[in-house]
Amino acid sequence: MMENEEPPKERVVKPQEALEGIEAGKGFQERLIHKVTSSELWRSVIRHGSPALRRNRALTVISNFFLHLHPLSIPRRALAFAHTWCMGGITFLLFLVLTVSGVLLMFYYVPEVGRAYEDMKDLQFAVSFGMLMRNLHRWSAHAMVVAVILHMMRVFYSGAYKPPRQFNWVIGVSLLVLTLLLSFTGYLLPWDQLSLWAITVGANMAGATPLVGYQGPFHELLGARVDNDVRFLLLGGTLVGQNALLRFYVLHCIVLPLVAVLGMAIHFWRVRKDGGISKPL
Ligand code: HEM
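Please read all numbers here as calculations on a predicted model, not as lab measurements.

K.L.:
With reference to specific residues and values, describe the overall build of the protein.
P.N.:
Along the protein, the regular secondary structure elements total 13 helices and zero strands. For the protein, the α and β elements follow one another from N to C terminus as α-α-α-α-α-α-α-α-α-α-α-α-α. Relative to the globule expectation of 19 Å for 281 residues, the C-alpha radius of gyration of the protein, 30 Å, shows a markedly less compact shape. Dimensions of the protein along its principal axes, counting C-alpha atoms only, are 125 × 50 × 35 Å. Evaluated residue by residue, the protein yields a buried proportion of 20% over its 281 residues. In the protein, the share of contacts with a sequence separation of at least 24, taken over all contacts with a separation of at least 6, comes to 59%.

Here you go:
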């Protein structure tokens, strides 16, 4: 540089230009991710940043429909396998398996006395994966009954039914009854000898209910007869026939699962409202 020559002026970089420079320096992939995640569409669905920071983790849980069931934090001890045996979660998982496999079975099964048994046999021997579907449904149903009883035992033995959880215990008892009713109504659907006679025995037990069963104590007080009592209501007749099959089908596939879903929603909501899962004794 000559002595009287002026030094070249440093160009002042404006903030906007700086940002664009940084943007230009990024790889295509990063710019694409940035463009997508800063778009209005993305931000209207995902309303928080990456859950790497504690604050964002909390926001993720609060604002996500599927995660909001979980508490923000939970004592490590309450999650110990030895405390819950995971039995409530396993019961729920089995319910989900039953719902999916049950819907698949509904594509092939018609609740009509002339067809039901053949449909079950077709499912087993003619439909692709039919045997798997049927057995998955059947074994999951048995397992759900076992799991719900184990869950109830663990709640009892860990004293988790005590205040403030006594209402959730009551909801739980309704869920147990619903699980048993789902099993009972499903029992008739294969329409084989076992189904027919099992439901005949079960319905006769209903006929012996006090007051409302025609064979029950005090039935004369309400005038319960064989053609107007609770057994008649259940079967849609005096014998197990077409009406009974249709009633059990509707109860098994629509009414009871819907009530159970509602009950479970309240059950899980109460677990949260009662301060999360109880701590081990
Ligand atoms: C369809 C049936 C049921 C499902 C899917 C279900 C699911 C659950 C789940 C996921 C939990 C969280 C803690 C855990 O996994 O142990 C829970 C807690 C609880 N359940 Fe159930 N449950 C069912 C039936 C019952 C029954 C039959 C009872 C009792 C009669 C019951 C009473 C309770 C109580 C009191 C809690 C709170 C326990 C605690 O805070 O430690 N539940 N249930």
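K.L.:
An account of unusual backbone geometry is requested, with residue identities and associated values reported.
P.N.:
Both trends apply: most residues other than glycine have a negative phi, and most peptide bonds are in trans. With an omega of 10°, the peptide bond between Pro163 and Pro164 qualifies as cis. Checked against the element boundaries, Pro164 lands in the loop between α8 (130-157) and α9 (166-188). One non-glycine residue, Phe129, lies in positive phi territory at about 60°. Structurally, Phe129 can be placed in the loop between α7 (116-125) and α8. Residue class for Phe129 comes out exposed when judged on the 10 C-beta atoms lying within 10 Å of it. One non-glycine residue, Leu211, lies in the positive phi region at around 70°. Checked against the element boundaries, Leu211 lands in the loop between α10 (193-207) and α11 (219-222). Accessibility expressed as a C-beta count within 10 Å gives 14 for Leu211, which makes it partly exposed.

K.L.:
How would you explain the site of the ligand if you had to name every residue and give the values?
P.N.:
Around the ligand, the surrounding shell holds 26 residues, and the nearest of these are Gly88, Ala160, Gly172, Leu176 and Ser278. Taken together, the elements giving at least two residues each to the shell around the ligand come down to α6 (87-106), α8, α9 and α13 (242-273). The dominant element in the shell around the ligand, judged by the number of residues it contributes, is α9, at seven residues. Its residues assigned to classes, the shell around the ligand comprises 15 nonpolar, ten polar and one charged.

K.L.:
Please give an account of the packing of α6 against α8 that cites residues and values.
P.N.:
Look at α6 against α8: their axes get within 8 Å of each other, and the N-to-C directions meet at 155°. On the basis of their axis angle, the class for α6 and α8 is roughly antiparallel. Between α6 and α8 lies a crossing of left-handed hand.

K.L.:
Which residues make up α13, and what are the values?
P.N.:
With 32 residues, α13 should reach 46 Å at 1.5 Å per residue; the first-to-last C-alpha distance of 45 Å fits that figure. Along its length, α13 shows its largest kink, about 45°, at Leu251. Considered for burial, the residues of α13 that qualify are Ala244, Leu245, Phe248, Tyr249, His252, Cys253, Leu256 and Ala260. For α13, the elements touching its buried residues are α6, α7, α9, α10 and α12 (230-235). Just beyond α13, the residue with positive phi is Gly275, at close to 90°.

K.L.:
Go over α6, please, and point to the residues and values.
P.N.:
In this model, α6 (20 residues) spans 28 Å end to end at C-alpha, consistent with the 28 Å of a helix rising 1.5 Å per residue. Contacts from the buried residues of α6 go to α5 (81-84), α7, α8 and α13.

K.L.:
Outline the nonpolar core, supporting the account with residue identities and numerical values.
P.N.:
Judged by nonpolar contacts, the single largest core of 20 residues is most densely connected at Ala116, Leu188, Leu189, Leu235, Ala244, Leu245 and Phe248. Taken together, the elements giving at least two residues each to this core come down to α7, α10, α12 and α13. For this core, the element with the most residues is α13, which contributes five residues. When sequence neighbours within four positions are dropped, the list of residues in contact with Ala116 reads Tyr109, Val110, Pro111, Leu189, Trp191 and Leu245.

K.L.:
Describe the environment of Asp229, with residues and values.
P.N.:
By the element assignment, Asp229 lies in the loop between α11 and α12. The buried category is assigned to Asp229, around which 24 C-beta atoms lie within 10 Å. Separated by 23 residues in the primary sequence, Asp229 and Ala206 have C-alpha atoms spaced 9.1 Å apart. Residue contacts for Asp229: discarding those within four places in its chain leaves Gly207, Val212, Gly213, Tyr214 and Ala224.

K.L.:
So what's going on with the environment of Ala198? Residues and values would help.
P.N.:
Mapped onto the fold, Ala198 is located in helix α10. Ala198 sits in the partly exposed class, given 15 other C-beta atoms within 10 Å. Each C-alpha atom, one on Ala198 and one on Tyr187, is 7.9 Å from the other, the two residues being eleven residues apart in sequence.

So, how was this worked out
- Residues numbered from 1 in each chain as written.
- Predicted model: local features only at pLDDT ≥ 70, side-chain atom pairs only at ≥ 80, totals over all residues.
- Helix = DSSP H or I, 4+ residues; strand = E, 2+ residues; numbered from the N terminus.
- Rg over C-alpha atoms; globule rule 2.2 N^0.38 Å.
- Buried ≥ 20, exposed ≤ 12 C-beta atoms within 10 Å, placed from the backbone.
- Contact = placed C-beta atoms within 7 Å.
- Near = placed C-beta within 6 Å.
- Nonpolar A, V, L, I, M, F, W, Y, C, P; charged D, E, K, R; others polar.
- Axes fitted to C-alpha atoms, helices over the stretch in contact; angles between N-to-C directions.
- Parallel < 35°, antiparallel > 145°, perpendicular 65-115°, else oblique.
- Left-handed = near helix turned anticlockwise from the far one by under 90°.
- Expected span 1.5 Å × (residues − 1).
- Bend = angle between axes of the 7 residues up to and from the residue.
- Core = buried A, V, L, I, M, F, W, Y, C linked by C-beta atoms within 7 Å.

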